[in-house]
Amino acid sequence: MVEDLLADFVRADQEKGLGSYGIHVHREGAEPLSHRFRSDDRVNVYSVAKTFTAVAAGLAEAEGRFDLDDLFLDHFPELRGLAAGGFERVRLRHLITMTSGSTHKWHANERIDAADLLHEFVAAPLDAEPGTRFAYTGSGPYAIGRLLARTTGADVRAYLTPRLFQPLDLHNPAWHTCPLGFPFAESDLFLRTEELSRFAELLLQDGVWEGRRVVPSEFVRRMPAESVDTTSVTDYGPAFTHGYGLGVWLSGDGTFRMDGAYGQYAIVDPGRRATVTVTAHSTDDVALLDAIDTLVLQRL
């Protein structure tokens, strides 16, 4: 059965040099399928971390810590004096959906020279009204991580440990931090393929894991529903033009996915009641995503 379903994907990966480390397929009511191209070590899942940060925000919202429609500066009033004009209109959802309108561009692979990255972000000029333009950057998710620390007393990794990591048996995952000690939030979380697949399965099951409610079902439903327009994103190909929700990319066919550089993918398909998870180091992650879709997902 493994060979029947995954053989073409395995062959395509090897012939085209797509760089997969492993693939894991969950189908509701069936045994999981997987194939390893190398050992299942913990690897950087890059921007898949944004989804974990978004879920952390959903959990904190459910606890009454804040509302996603709150203005960010209401939680950081001491930054009003250095904030760029217009930043006072930036809401928490704008940071999660990367629609703050800020010109600040930063990702976790870039050196941080500022004394405080959050201060640098808040002070950067805006060139669009908050909520009107999608611009892919790690700055907003990082700011959400700082908000979680401010409102819960725990950084995003510590906050998720008892609420998400422990229920899913994701034991002590590494998450790189900024010079001030806050997890990057937007990237640099390290997981195995199979561990990431548990998170995808949790979202497929509306936030329930082994009979236990882990994430509010309402928030899981909101993740793909509360989306922003990404049709202006042309650099990455058509797969990225169907919208971006609360920490997830939309696929235009009812599926949604977590997406990290070099081919880290966790695709949730509510229609087929299935998930497909891949970790990789791919030099052509768009071709890898296409192979996952055409050779695996559409054949389930």
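Just so it is clear, the model here is predicted, and its values are computed rather than measured. (Residues numbered from 1 in each chain as written. Predicted model: local features only at pLDDT ≥ 70, side-chain atom pairs only at ≥ 80, totals over all residues. Heavy atoms only, no water.)

(A) Representation of unusual backbone geometry in the model. Of note in the backbone geometry, tyrosine 46 takes a positive phi value of approximately 50° without being a glycine. The topology assignment puts tyrosine 46 in the loop between strand 3 (43-44) and helix 2 (49-62). Owing to a relative accessible area of 22%, tyrosine 46 belongs among the partly exposed residues under this scheme. A positive phi is found at arginine 273, a non-glycine position, where the angle reads about 50°. (Helix = DSSP H or I, 4+ residues; strand = E, 2+ residues; numbered from the N terminus. Buried < 20%, exposed > 50% of the residue type's maximum accessible area, 1.4 Å probe, protein only.)

(B) Representation of the environment of threonine 294. Among the structural elements, threonine 294 can be located in helix 10 (residues 285-295). Of the residues examined, threonine 294 reaches a relative accessible area of 31% and is grouped as partly exposed.

(C) Focus on the pairing of strand 1 (residues 20-27). By the criterion of burial, strand 1 is predominantly enclosed, with 7 of the 8 residues buried. Sheet topology places strand 1 next to strand 10 (residues 274-280); 7 bridges connect them, and they run antiparallel. Of the residues in strand 10, the one forming a bridge with histidine 24 is threonine 277. Bridge count between strand 1 and strand 2 (residues 33-36): 4 bridges; the pairing is antiparallel. (Pairing = 2+ DSSP bridges.)

(D) Inspection of the nonpolar core at higher detail. In this structure, Phe52, Phe72, Leu160, Leu164 and Phe199 are the most contacted members of the largest nonpolar core, which totals 68 residues. Take this core: its biggest share by element is 8 residues, from helix 2. In this structure, leucine 164 is in contact with Phe52, Phe199, Leu202, Val214 and Val215, ignoring residues within four places of it in sequence. Phe9, Val10, Val25 and Leu297 belong to the second largest nonpolar core, which has 21 residues in total. (Core = buried A, V, L, I, M, F, W, Y, C linked by side-chain atoms within 4.5 Å. Contact = heavy atoms within 4.5 Å.)

(E) Summary view of helix 8 (residues 193-204). Taking 1.5 Å as the rise per residue, helix 8 with 12 residues should run 16 Å; its terminal C-alpha atoms sit 16 Å apart, in good agreement. Counted residue by residue, helix 8 has 11 buried out of 12 residues, so it is predominantly covered. Of the residues making up helix 8, those classed as buried are Thr193, Glu195, Leu196, Ser197, Arg198, Phe199, Ala200, Glu201, Leu202, Leu203 and Leu204. A positive backbone phi angle near 55° is found at aspartate 206, which sits one or two residues after helix 8. (Expected span 1.5 Å × (residues − 1).)

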